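A look at the structure
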Amino acid sequence: MPVARAPAPRARQAIGQKDHRMPASEPVEGNAAQIAYWNDRAGETWAELQARIDANFSALTALALEAAAPQAGERVIDIGCGCGATVLDLARRVGPTGSVLGVDVSEPMAARARARIAAAGLAQAQVQVADAAAGAFDWTGADLMFSRFGVMFFAEPAAAFAHLRRQMRPGGRLLFACWRPLAENPWFTVPLEAGRPFLPPQPPADPTAPGPFAFADPERVRQVLATAGWREIGVSPREAPMRMADADDLDGAAAFATRVGALARLLADSEPETHRAVKRAVREALRAHDGPDGIALTGSVWLVSARA
Ligand SMILES: C[S@@+](CC[C@H](N)C(=O)[O-])C[C@H]1O[C@@H](n2cnc3c(N)ncnc32)[C@H](O)[C@@H]1O
């Protein structure tokens, strides 16, 4: 699935220059395309649609947080924390005697996360802009490392997860959510199939390339974590409704599906006319999923657990 659009140098500048609190540490060279992607339109869109994205992810988030089981007083690192939804959840759970460090490469999303932390008055939470694969973290010795869809974007995942393991106390827990294969995720495939007739044919995607489906194969996840030195690795399937909009709000659901997710990536550089045609087709395809509780389709994830 194509992801990279902006050139790498801009990302380096964004990371190095805007955040004066970040300790000097070079991002991993191979991560430059993803860093650029999340600092460009994608990061801005996620920041703009934060409330809608969080509502969409809320059922899966509850499952992941329950499995992570953060305790009062714990030190937690949230990898690829984005606009901070789970930083806030984790901070409330660890309470004022604990601490939460969100780490993300995206300046616009980190800014949104920091504003939300300040508004919530959660002094135990902070966000650092850094490449989680290589960054010098503000603190180490975490009890829990958590991520909601923020760890599938590393060019060298085994090296990245070895670096992440070194941020943990011995025996500390890892819990992250990542997407199962595209075909098991109707919330991606229904909009995608509706839009496909209007889009140029796509070359087959490299299933291990950095991107939302890089960890779709559970054996690959196990292998990456084992190579990185994590122990007691578990990979469990979970499903939950992804609520894309309120009941009857087909326009809202179609707008959402064309701006976030697999279809949004394909549409990124399309003409406005194509965009409008795809949106109309997606709107019709979502009609069948409009129910009294809203417009919702199934999302399927792996909940991955391990110990440092
Ligand atoms: C799919 S978004 C998920 C964001 C957030 N966890 C959520 O659920 O709303 C993926 C996030 O991973 C971040 N990311 C990608 N590569 C990263 C890296 N090398 N280090 C830290 N964050 C990264 C992106 O900037 C983005 O915020």
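Residues numbered from 1 in each chain as written. Predicted model: local features only at pLDDT ≥ 70, side-chain atom pairs only at ≥ 80, totals over all residues. Heavy atoms only, no water.

If you tally the helices and strands in the chain, you get twelve helices and eight strands. Over its C-alpha atoms, taken along the principal directions, the chain stretches across nearly 50 × 45 × 40 Å. Looking at the 308 residues of the chain, the share that counts as buried comes to 55%. Sequence-distant contacts in the chain: of pairs separated by 6 or more residues, those separated by 24 or more amount to 83%. Summing over all exposed atoms, the chain offers an accessible surface of approximately 12,900 Å²; the carbon and sulfur share of this is 53%. For the chain, the distance from the average site of its 33 positive side-chain charges to the average site of its 34 negative ones is 3 Å. (Helix = DSSP H or I, 4+ residues; strand = E, 2+ residues; numbered from the N terminus. Buried < 20%, exposed > 50% of the residue type's maximum accessible area, 1.4 Å probe, protein only. Contact = heavy atoms within 4.5 Å. Areas by Shrake-Rupley, 256 points an atom, 1.4 Å probe, with all protein chains shown as cover. Lys, Arg positive; Asp, Glu negative; His and termini not counted. Charge placed at Lys NZ, Arg CZ, Asp CG, Glu CD.)

Moving on, we come to the site of the ligand. In the region of the ligand, 18 residues are neighbours, and Gly 80, Asp 104, Asp 131, Ala 132 and Arg 148 sit closest. Between the ligand and Gly 80, the relevant distance is 2.7 Å, taken from a nitrogen atom to a main-chain nitrogen or oxygen of the residue. In this structure, a nitrogen atom belonging to the ligand sits 2.8 Å away from a side-chain N or O atom of Asp 131. Coverage of the ligand by the protein amounts to 97% of the 600 Å² it exposes when considered alone. Across the shell around the ligand, the residue classes tally to ten nonpolar, five polar and three charged. (Near = heavy atom within 4 Å. Polar contact = N/O pair within 3.5 Å; in protein donor to acceptor, adjacent residues only side chain to side chain. Nonpolar A, V, L, I, M, F, W, Y, C, P; charged D, E, K, R; others polar.)

With that out of the way, let us pick up the UniProt feature "domain: Methyltransferase" (unreviewed entry) in the chain. In the numbering used here, UniProt assigns the feature "domain: Methyltransferase" (unreviewed entry) to residues 76-172. Here residues 76-172 runs as 34% helix and 28% strand, with 10 Å between its end C-alpha atoms. (UniProt positions renumbered as here; feature names shortened; annotations may be inferred.)

Time to look at helix α6 (residues 107-120). Taking 1.5 Å of rise per residue, the 14 residues of α6 would be expected to cover 20 Å, and the 20 Å separating its terminal C-alpha atoms lies within 8% of that figure. Within the span of α6, buried status applies to Glu 107, Met 109, Ala 110, Ala 113, Arg 116 and Ile 117. The N-capping residue of α6, defined by a side-chain oxygen 3.3 Å from the backbone nitrogen of Met 109, is Ser 106. Two residues or fewer past α6, Gly 121 is found with a positive phi of approximately 65°. (Expected span 1.5 Å × (residues − 1).)

A few words now on the packing of aromatic side chains. By the definition in use, this model includes 16 aromatic pairs. Note on Phe 161 and Phe 215: the rings are 6.1 Å apart at their centroids and 40° apart in plane angle, and the pair reads as tilted. Here Phe 215 lies in the loop between α8 (186-195) and α9 (218-227) and Phe 161 lies in helix α7 (residues 157-165), a separation of 54 residues in the sequence. The exposure classification of Phe 161 matches that of Phe 215, with both residues buried. Geometrically, the ring pair formed by Trp 179 and Trp 187 is tilted, given 5.4 Å between the ring centres and 45° between the ring planes. Take Trp 179: its relative accessible area is 4%, and that puts it in the buried class. The class for Trp 187 is buried, based on a relative accessible area of 4%. Grouped by ring-pair contacts, the aromatic residues Tyr 37, Trp 38, Trp 46, Phe 57, Phe 149, Phe 153, Trp 179, Trp 187, Phe 188 and Phe 213 constitute a single cluster. Over the ring of Trp 139 we find Arg 75, and its NZ or CZ is 4.1 Å from the ring centre. (Phe/Tyr/Trp six-rings, centres within 6.5 Å; stacked < 30°, edge-to-face > 60°. Lys NZ or Arg CZ within 6 Å of the ring centre and 35° of its normal.)

In this section: helix α10 (residues 250-257). In an α-helix, one turn spans 3.6 residues; hence positions three or four apart end up facing the same way. With six of eight residues buried, α10 lies mostly within the body of the structure. Taken together, the buried positions of α10 are occupied by Leu 250, Gly 252, Ala 253, Ala 254, Phe 256 and Ala 257.

Ile 79, Phe 161, Phe 176, Trp 179, Phe 215 and Trp 230 are the most contacted members of the largest nonpolar core, which has 101 residues in total. Among residues more than four places away in sequence, those in contact with Phe 215 are Val 151, Met 152, Pro 157, Phe 161, Phe 176, Cys 178, Trp 179, Arg 220, Val 221, Val 224 and Trp 302. (Core = buried A, V, L, I, M, F, W, Y, C linked by side-chain atoms within 4.5 Å.)

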